[in-house]
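# Coordinate inspection notes
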Amino acid sequence: LDEAEELEKSEQKRIAESIQPKSCDICGAVTLDEAKFQAHFHFDVHEGYKQVRERHAQLQARQRERPKESGRSQSHQASQARSRSAYGDRHQE
């Protein structure tokens, strides 16, 4: 009986070790089946995460290239100028 239990435990351990979940670094999908993992690369959710990550990387690169500005950003100053011209002098900080 002990031998059968040991055999069963070793078989369960072997099966558990052979089943390794795979997770996607882009969208976080997790699956045990390799075919399903490969198929998920064509899903809309994966593509959406991929596009968001690519755009984020582009924006980070642009931000690194931009010179450091002191005080308020130029975009904030331009926004304030547009507000003043649209509302006249009534719209002041």
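See the structure above.
These notes cover the structure that comes with them. Just so it is clear, the structure is predicted and the values come from calculations on it, not from any experiment.

On the surface, a cluster of negative charge is contributed by Asp 2, Glu 5, Glu 6 and Glu 8. Relative accessible area serves as the criterion here: at 47%, Glu 8 is assigned to the partly exposed category.

Here the focus is the side chain of Thr 31. Along the chain, Thr 31 falls in strand 2 (residues 30-31). A polar atom in the side chain of Thr 31 sits 3.3 Å from the backbone nitrogen of Asp 33. For Thr 31, the contacting residues outside a window of four places in its chain are Pro 21, Lys 22, Lys 36 and Phe 37.

We now examine the pattern of salt bridges. Under the defined criterion, the tally for this structure stands at two salt bridges. For Glu 11, the salt bridge is made with Arg 14, and the minimal N-O distance between the two is 2.4 Å. With a gap of three residues between them, Glu 11 and Arg 14 both fall in helix 1 (residues 2-18), about one helical turn apart. A salt bridge links Glu 34 to Lys 22; the nearest nitrogen and oxygen atoms lie 3.0 Å apart. One end of the pair, Glu 34, is in helix 2 (residues 34-39); the other, Lys 22, is in strand 1 (residues 22-23), with twelve residues separating them in the sequence. Overall, the relative accessible area of 33% leaves Lys 22 in the partly exposed class.

Aromatic rings considered in pairs are described by the distance between their centres and by the relative angle of their planes. Overall, the coordinates contain one aromatic pair when judged by the stated rule. Between Phe 37 and Phe 41, the aromatic rings sit 5.4 Å apart at their centres with planes inclined by 75°, giving edge-to-face as the arrangement. Judged by relative accessible area, which is 8%, Phe 37 ranks as buried. Residue Phe 41 is classed as partly exposed on the basis of its relative accessible area, which comes to 27%.

Cut-off values and rules
- Residues numbered from 1 in each chain as written.
- Predicted model: local features only at pLDDT ≥ 70, side-chain atom pairs only at ≥ 80, totals over all residues.
- Heavy atoms only, no water.
- Patch = residues over 30% accessible without salt bridge, like charges linked within 9 Å, V, L, I, M, F, W, Y side chains within 5 Å.
- Areas by Shrake-Rupley, 256 points an atom, 1.4 Å probe, with all protein chains shown as cover.
- Salt bridge = Lys/Arg side-chain N within 4 Å of Asp/Glu carboxyl O.
- Lys, Arg positive; Asp, Glu negative; His and termini not counted.
- Charge placed at Lys NZ, Arg CZ, Asp CG, Glu CD.
- Buried < 20%, exposed > 50% of the residue type's maximum accessible area, 1.4 Å probe, protein only.
- Helix = DSSP H or I, 4+ residues; strand = E, 2+ residues; numbered from the N terminus.
- Polar contact = N/O pair within 3.5 Å; in protein donor to acceptor, adjacent residues only side chain to side chain.
- Contact = heavy atoms within 4.5 Å.
- Phe/Tyr/Trp six-rings, centres within 6.5 Å; stacked < 30°, edge-to-face > 60°.

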